[in-house]
Structure formats: C-alpha cells, structure tokens
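These are the residues of each chain, in order.
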Amino acid sequence: MARKYFGTDGIRGRANAFPVTPEFAMKVGQAAGIAFQRGDHRHRVMIGKDTRLSGYMIEYALVAGFTSVGMDVLLVGPMPTPAVAMLTRSMRADLGVMISASHNPFDDNGIKLFAPDGYKLSDEVEHAIEDLLDQDLTRRLAASRQLGRAKRIDDAQARYIEFAKRTLPRNLELDGLRIVVDCANGAGYKVAPAALWELGADVVTIGNDPNGFNINDDCGSTHPEALVAKVKEVRADIGIALDGDADRVLIVDEKGQVVDGDQLMALVAQSWLEDGRLSAPGIVATVMSNLGLERFLGGLGLNLARTPVGDRYVLEHMREHGFNVGGEQSGHIILSDYSTTGDGLVAALQVLAVVKKMNRPVSEVCHLFEPLPQILKNVRFKGGKPLEHSSVVTAIDGAKARLGSNGRLVIRPSGTEPVIRVMAEGDDRVLVETVVDEIVAAVTKAAA
C-alpha cells in the first residue's frame, strides 16, 4: 500500500507549505509520540536539524507535538543525520527525529524519523503513524501533570566527534595531510572540521558559514566545483564534500578530480577484504552504480547486489543478507559496523585511513577502476503513464537489444518529482548516447 505522507526518506516538501507546515509538524510529533509510547517509563525523543531557516519553525512545532502527548524532548541543534541516529541509540531515546531536506535547496525541508535502534522506520511503522495523522488525537493528549519537558543537550557535538574518531584505529593520526572540507553550509559545519583537526590534519574549511539560506548553494557534494578550486588553490592532499545533512560524501583528489561513491565503495570493499572485515562476499549498491564497479568487484571475487534507488533500500538489503558495506553513487556510504545510516564523515575517515596506510597520493588510492560511459537524462512530464506507450516500449526493447549483455539500461520514474530518468551505460559511448536520446525522444513525444 502506498504511503500518504512519507516518501522514500521521511516527510519532505516546500517549507511552510503542506505537509511541511507547523500545524502538520505538531501533529507528526503527536502521532509519532503516541506510536512510540511503549511501557510505563518516561519516554523521550531526540531532535536534531540542519541549518535551514525553516528548521526553527519545524523544531518548535515538533516540540509542542511531542510534549503534548507526554514525551520529553532532547534538542541537539544542527547535527548530521547520522549523529542523530547514533545519539538516539546511545542516549536510549524512544525515537529520533532529523529535520532536514538533505541535499535539496534551503526552501525545502523535511522530517526523518528513527526508531530506538537508530534505523529508519519500516513501512509498517510509517503506515501506523499515517493512520494516526488522519485521526482526531484530542482524547489521546497527556494530562496536565504528564506533559513532556524539553531541554538542550550541550555536549552532543563532542559525543558525535568522539564516536567518529573511534571508528579509526587508536594509533592512526592524520598529521601531514592537508584536507579541505566543504560542509555545504549544513549540519556538519562544526563537527566535521573539528574531528579532522583533532586527528591532526591541517584543515581548510569552506561552506561553513550557514545563514539559513545558503545550505547546498553552489557548495557541498552536489556542487563540488568550489571544493575542486580550493584543493588546487591551497595544494591540498584531499578534499571532502558533505551534503546538507552530512550523510553523503564525495572526495576530490590532489589533482582536482572528483571521486564518486562508486569509487569510494570499491576502495572500502578492497581494504576491508584485505583486512578480513567484510561480513559478506560483496557489497550492496543501487541500479545506478556504474558497471565498472561491478566488474572491479568481480575481479576481487566479490558480488555487487543491486537495489532500487534510495539508501533505505540499500540498508534493507544489507540487513537482510548480512552485508556491512553498501551505498549509492551519489555518496551515501553505509558502513553498518559503525552506523545505521549513511555517514559522510565516517566514510571519509575510512578513506583517509587507507590513504595513510598506503602512503600514496589520493589520485592513486581512490581511482580503482575506469567507469564505463554512463549517460543519464531526465524527461519531465505532466501526467499519465508515458512509459506504457507502445512507441516507448518499442524504443526500450530496441535499446536493450542493441546494448546487449555488455551494457545496462535503467528507466525509472522519480520518487520525488514528475520526472522519468533514463540511464544507459556500456563500452561504446556513441551507442550509449544514441539509445538514451532515442528513448528520451520517444518518452517526450508520448508525454506531450
């Protein structure tokens, strides 16, 4: 059954427009608070946020909702999404909430919920909360003496920094490395530079002056151009780009070349295989990861398990089948030995550990395979089902036949906007471009 309010990553939309309004956020707090009240103990919820202006509005609306059903609230302010997940577990909270729209522009926002174990909610739990959202909850509000309290946790950033540092060997230091970190003017703007500095790196920071409006604005993992320029300017050894809620990471090597999530997963997989740390003979990625990654892993005797796009699907497959490394080409890297969700800082630290271990330039360490030509184009449509049109079906079938077993074709509607994404890859760039253009033309005509 389709979810009514929850998307692939929580509730998300334009700030101060339904469903991201203060009124609805308050009811989300009430509904989620009721859903997670289990037992007679004093229940509490952990709430973090990124740096969007609308975060204040949503934060206090959630506080009103949770306290009105008798839950105490722990506020940690701007913190990475993985930090909220970690703190939810470590502080024994009954629920965790992250207020963020991740890599979206500032005028979007969202509400992500975490269970007590730090994992995102299952479809079943989200359905239960949605059922409550459609009910009148007046009779389920707390009595006056049972209302919740709210307080700020002043040392939350230090707790997360120590957690991130402990994912490295105790004797490993980053001395001798000049690192540029782009915090996307987002949730990691304090903790990421601090953790790197405490580990001994020479840290140059950009994208660390949030003003409520500039999150992800020409910075961060979705816009690495600024990081590339800064790495070259200061002759850094490596650049690290986070996104707005710091659950994604991309790397820039000393030559200014961008290293995507596929290369980072290959690096971690190879390193952990050598160290005997892989819990399964392979990793998990989505249908969008490059065929070059699959071939590289095959050369190591490892498998690449593919899932639909979305880190939640990657994580579900990891948990079900016992993998401890997974992620997305976009930079969501999930290392389940440490985190219950993508963690940009922790993933970057694992890369830095390999760089220090090998004592070679990042351009050599992080470029493990040559990606196959991969073309992705988006087709916007107003309605209907253009993918079911006979001309589109014919174009898709023809493209699959021409690409053969040495190529891949992925066509999917976006889960967040009226867009159809057409991706093809293979050894022959001209052929890949041709089949994508032909399918795009057919979809565009069918959608007209």
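Residues numbered from 1 in each chain as written. Predicted model: local features only at pLDDT ≥ 70, side-chain atom pairs only at ≥ 80, totals over all residues. Heavy atoms only, no water.

Participant: Could you clarify how one ought to interpret the pattern of salt bridges in this entry?
Facilitator: For side chains bearing opposite charge, pairing can occur when the charged atoms are close. Counted according to the given criterion, the structure contains 30 salt bridges. Here Arg 429 and Glu 433 are joined by a salt bridge, their closest N and O atoms 3.7 Å apart. You can see Arg 429 and its partner Glu 433 sitting in helix α14 (residues 429-447), four residues apart, about one turn around the helix. By relative accessible area, Arg 429 is classed as partly exposed at 42%. The exposure class of Glu 433 is partly exposed, given its relative accessible area of 32%. (Salt bridge = Lys/Arg side-chain N within 4 Å of Asp/Glu carboxyl O. Helix = DSSP H or I, 4+ residues; strand = E, 2+ residues; numbered from the N terminus. Buried < 20%, exposed > 50% of the residue type's maximum accessible area, 1.4 Å probe, protein only.)

Participant: Before we go on, may I ask you to explain the sheet that holds strand β16 (residues 374-380) in this structure?
Facilitator: Backbone-to-backbone hydrogen bonds join strands into a sheet, with any given pair of strands oriented parallel or antiparallel. In space, the three strands of this open sheet follow the order β16-β18-β17, with antiparallel pairing throughout. With partners counted over all chains shown, the strands left at the sheet margins are β16 and β17 (408-413), one partner each. Pairwise comparison of adjacent strand axes, ignoring direction, gives a mean angle of 10° for this sheet. Looking at chain direction, β16 and strand β18 (residues 419-425) are connected through seven bridges and run antiparallel. Its bridge partner being in β18, Leu 376 is matched across the sheet by Met 423. (Pairing = 2+ DSSP bridges. Axes fitted to C-alpha atoms, helices over the stretch in contact; angles between N-to-C directions.)

Participant: I'm lost on the sheet that holds strand β2 (residues 44-49) in this one. Help?
Facilitator: Pairing is mixed in the open sheet, where six strands are placed in the order β1-β5-β4-β2-β3-β6. At either end of the open sheet lies a strand with only one pairing partner, and these are β1 (11-14) and β6 (150-152). Taken pair by pair, the neighbouring strands of this sheet meet at an average axis angle of 20°, ignoring direction. Strand contacts of helix α3 (residues 81-90): β2, β3 (72-78), β4 (95-99) and β5 (108-114), with the helix running at about 165° to β4, the strand carrying the most contacts. (Contact = heavy atoms within 4.5 Å.)

Participant: Explain the pairing of strand β12 (residues 282-286) to me, please; I cannot follow it from the model alone.
Facilitator: The two faces of a sheet get side chains in turn, since along a regular strand they alternate between them. The buried fraction of β12 is high, at five of five residues. In the sheet, β12 pairs with strand β13 (residues 303-307) via five bridges, with the strands oriented parallel. Note on β13: the bridge partner recorded for Ala 285 is Arg 306. One crossover worth recording links β12 to the parallel β13 by way of helix α9 (residues 291-299), and it is right-handed. (Right-handed = clockwise from strand over helix to strand, strands pointing away.)

Participant: Please explain the packing of helix α5 (residues 156-165) against helix α11 (residues 344-358) as it appears in this structure.
Facilitator: Think of two packed helices as two axes; the pair is described by the angle between the axes and how far apart they sit. The interhelical angle for the contact between α5 and α11, taken along N-to-C directions, is 30°, at an axis separation of 9 Å. The angle between the axes of α5 and α11 places the two elements in the roughly parallel class. In the crossing of α5 with α11, the sense of the turn from one axis to the other is right-handed. Residues Tyr 160, Phe 163, Ala 164 and Lys 165 of α5 touch α11, and the partners they reach there are Leu 345, Val 346 and Leu 349. Here the residues of the contact of α5 with α11 sort into six nonpolar, no polar and one charged. (Parallel < 35°, antiparallel > 145°, perpendicular 65-115°, else oblique. Left-handed = near helix turned anticlockwise from the far one by under 90°. Nonpolar A, V, L, I, M, F, W, Y, C, P; charged D, E, K, R; others polar.)

Participant: Would you explain unusual backbone geometry in this entry?
Facilitator: Excluding glycine, residues mostly have negative phi values, and the peptide bonds linking residues are mostly trans. Pro 19 follows Phe 18 through a cis peptide bond whose omega is 10°. With respect to the helices, strands and loops of the structure, Pro 19 is situated in the loop between β1 and α1 (22-35). The backbone phi angle of Asn 216 is positive, close to 60°, even though this residue is not glycine. If you trace the backbone, Asn 216 turns up in the loop between β8 (202-206) and α7 (225-234). With a relative accessible area of 5%, Asn 216 lands in the buried category.

Participant: Explanation requested: the packing of aromatic side chains in the structure shown.
Facilitator: Aromatic ring pairs are defined here through the distance separating the ring centres and the angle between the ring planes. Summed over all chains, the structure comprises seven aromatic pairs. Taking the centre distance of 4.8 Å and the plane angle of 65° together, the rings of Phe 18 and Phe 24 count as edge-to-face. The exposed category is assigned to Phe 18, whose relative accessible area is 56%. Take Phe 24: its relative accessible area is 7%, and that puts it in the buried class. Ring centres 6.1 Å apart and planes at 85° place the aromatic pair Trp 272 and Tyr 338 in the edge-to-face group. Separated by 66 residues along the polypeptide, Trp 272 in helix α8 (residues 261-274) and Tyr 338 in the loop between β15 (333-335) and α11 bring together distant segments of the chain. Tyr 338 carries the same exposure label as Trp 272, and that label is buried. Above the face of the Trp 272 ring, Arg 277 is positioned so that its terminal group lies 4.1 Å from the ring centre. (Phe/Tyr/Trp six-rings, centres within 6.5 Å; stacked < 30°, edge-to-face > 60°. Lys NZ or Arg CZ within 6 Å of the ring centre and 35° of its normal.)

Participant: Just to check I follow, could you spell out the environment of Ala 187 for this structure?
Facilitator: As for its placement among the helices and strands, Ala 187 is situated in the loop between β7 (178-182) and α6 (191-198). On the basis of relative accessible area, Ala 187 is assigned to the buried category, the value being 2%. C-alpha of Ala 187 to C-alpha of Asp 245: the two residues are 58 residues apart in sequence and 5.0 Å apart in space. Setting aside its immediate chain neighbours within four residues, Ala 187 contacts Lys 49, Asp 50, Thr 51, Pro 78, Met 79, Pro 80, Met 98, Gly 244 and Asp 245.

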